[in-house]
Amino acid sequence: QVQLVESGGGLVQPGGSLRLSCTASGISVTMSTMGWYRQAPGNQRELVAAVTRGGTLNYVTSVKGRFTMSRDNAKNTVYLEMNSLRPEDTAVYYCNAHTFYQYTYWGQGTQVTVSS
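Residues numbered from 1 in each chain as written. Predicted model: local features only at pLDDT ≥ 70, side-chain atom pairs only at ≥ 80, totals over all residues. Heavy atoms only, no water.

Trainee: Would you mind showing me how to read the pattern of salt bridges here?
Mentor: As a working rule, side chains carrying opposite charge can pair if their charged atoms are close by. In this structure the tally under the stated criterion is 3 salt bridges. Between Glu 46 and Arg 38 there is a salt bridge, with the nearest N and O atoms lying 2.6 Å from each other. The partly exposed category is assigned to Glu 46, whose relative accessible area is 30%. Looking at Arg 38, the relative accessible area reads 6%, which means it is buried. (Salt bridge = Lys/Arg side-chain N within 4 Å of Asp/Glu carboxyl O. Buried < 20%, exposed > 50% of the residue type's maximum accessible area, 1.4 Å probe, protein only.)

Trainee: Looking at this structure, I do not really get unusual backbone geometry. What am I missing?
Mentor: Peptide bonds are trans in most cases, and residues, glycine excluded, mostly fall at negative phi. Despite not being glycine, Asn 76 has its phi angle at roughly 50°, a positive value. Here Asn 76 shows up in the loop between strand S7 (67-72) and strand S8 (77-82). The class for Asn 76 is buried, based on a relative accessible area of 16%. In this model, Ser 84 sits at a positive phi of 50°, which is unusual for a non-glycine residue. With respect to the element layout, Ser 84 can be found in the loop between S8 and strand S9 (91-99). (Helix = DSSP H or I, 4+ residues; strand = E, 2+ residues; numbered from the N terminus.)

Trainee: Can you help me understand the environment of Thr 61 in this one?
Mentor: Examined against the element boundaries, Thr 61 turns out to sit in the loop between strand S6 (57-59) and S7. With a relative accessible area of 63%, Thr 61 lands in the exposed category. In sequence terms Thr 61 and Val 48 are 13 residues apart; their C-alpha atoms lie 8.6 Å from each other.

Written out as structure tokens, the structure reads:
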């Protein structure tokens, strides 16, 4: 059974930082394209960052220079380090895995709220 378990969300003031974690079981993060998506109320889910099996990182323009995605192969975990957070970053953040065999899995989501 495949599971993606996110953690690390919460309430933070503008300019603050959070680190999200996504631990996978049943699949290998190194054999999958791993992504972080977010969805704010009334908006479509959007891709924030992704890392390919080969290690190539991609970011949506709005988070470049502020967010960093990384992967810990030994822990089978991916992270999203978020700095200089803005109110517009408020959303539910979801971990996503697209495997070598073309299956797609989602985590349950973690809420990030940026507010003073």
